[in-house]
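Results of the structural survey
Letter by letter, the chains look like this.
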Amino acid sequence: MSTPTYCGIAFPPQQAHGSGFFALAEDTKLILGNIKTILYTKKGEMPMVPEFGNSSYDLLFQPQNRVTQRLIADAVASDIETWEPRVYVDKVIVQALENTIVLTLDVRYKSTNTTETISVPLETT
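In every chain, residue numbers begin from 1 and rise along the written sequence. Restriction of local features to residues with pLDDT of at least 70 applies here, the model being predicted, together with a cutoff of 80 or more for giving and counting side-chain atom pairs; totals for whole chains, interfaces and linings are based on all residues. The side-chain numbers reported here are obtained from all heavy atoms of the structure, hydrogens and water having been left aside.

**What about the pairing of strand β5 (residues 115–123)?**
As paired elements, strand β4 (residues 100–109) and β5 share 9 bridges and run antiparallel to each other. Pairing of I101 across the sheet is with L122, part of β5. The antiparallel pairing of β4 with β5 creates a hairpin that spans 5 residues between the two strands, and N113 there sits at a positive phi of about 60°. Strands qualify as paired when DSSP identifies two bridges or more between them. Starting at the N terminus, helices and strands are each numbered in turn, a helix being any DSSP run of H or I of at least four residues and a strand any DSSP run of E of at least two.

**As for helix α2 (residues 66–83)**
To estimate the expected span of a helix, subtract one from its residue number and multiply by 1.5 Å. An ideal rise of 1.5 Å per residue puts 26 Å on 18 residues; α2 measures up with 26 Å between its terminal C-alpha atoms. Residue exposure (1.4 Å probe, protein chains only): buried if accessible area is under 20% of the type maximum, exposed if over 50%, otherwise partly exposed. Turning to α2, its buried residues are T68, I72, A73, A75, V76, A77, D79 and I80. Contact definition: two residues touch when any of their heavy atoms are within 4.5 Å. Close packing links the buried residues of α2 with α1 (27–40), β3 (87–96) and β4. Nitrogen and oxygen atoms within 3.5 Å of one another constitute a polar contact, given that in protein one can donate a hydrogen and the other can accept it, and given that sequence-neighbouring residues count only through two side-chain atoms. Looking at where α2 begins, the residue whose side-chain oxygen comes 3.1 Å from the main-chain nitrogen of V67 is N65.

**Observations regarding the nonpolar core**
One finds I35, L39, V76, I80, V92, L103 and L105 to be the most contacted residues of the largest nonpolar core, which totals 25 residues. For this core, the secondary structure elements donating two or more residues are α1, α2, β3, β4 and β5. With residues near it in sequence (within four places) discarded, L105 still touches L39, V76, I80, K91, V92, E116, T117 and I118. For this analysis, a nonpolar core means a set of buried residues of the types Ala, Val, Leu, Ile, Met, Phe, Trp, Tyr and Cys, connected via side-chain atoms within 4.5 Å.

**Observations concerning α1**
Across its 14 residues, α1 extends 20 Å between first and last C-alpha, which sits within 8% of the 20 Å expected from 1.5 Å per residue. All buried positions along α1 are accounted for by L30, I31, L32, G33, I35, I38 and L39.

**Some points on the side chain of E84**
Along the chain, E84 turns up in the loop between α2 and β3. Given the relative accessible area of 1%, E84 is considered buried. At 3.1 Å, the side chain of E84 forms a polar contact with the side chain of N34.

**Here's the deal with the pattern of salt bridges**
Criterion for a salt bridge: a side-chain nitrogen of Lys or Arg within 4 Å of a carboxyl oxygen of Asp or Glu. Overall, the coordinates contain 5 salt bridges when judged by the stated rule. For K43, the salt bridge identified is with D79, shortest N-O distance 3.8 Å. With K43 in the loop between α1 and α2 and D79 in helix α2, this pair connects stretches of sequence that are 36 residues apart. Between D74 and R70 there is a salt bridge, and its shortest N-O distance comes to 3.0 Å. In this pair, D74 and R70 both sit in helix α2, 4 residues apart, roughly one turn of the helix.

Below, the structure written as C-alpha cells:
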C-alpha cells in the first residue's frame, strides 16, 4: 500500500467510523472534495477570506444562453485553478436544467497527469 501524498478532512464532512473525529480523505478524493468546496462556496461567504469561492453564483440567475454559460465556465475554471493548484481544468460544460445548473468538469491531476470528469449540480431556486 502506498503512502498518501495529500490527506485532509473529507467533503462533505462526516464522522469517522468508530470515533468522534472527522473522516479523512486522501489524494484524489481530497482534491475532488476541495473542488466541490470551491464550487459550493459563494465568493464573500467565507469569513476572513472573502475572495475564496465560486465567482459565478451571480450568473446562475441570469438568462441561460451561450454567453452566460461561457462566462460561468470561464469563472469556474479560473476559481478552481486559483484555489486548487494540484489540478488543471481542461474543460467545463455548463448545462441549464429546470432549477439547476450542472457543471461537468474535466480535471487533470498535475502529479499523475490523469484526467477525471466530475459533475456538480448548483441549485438556482
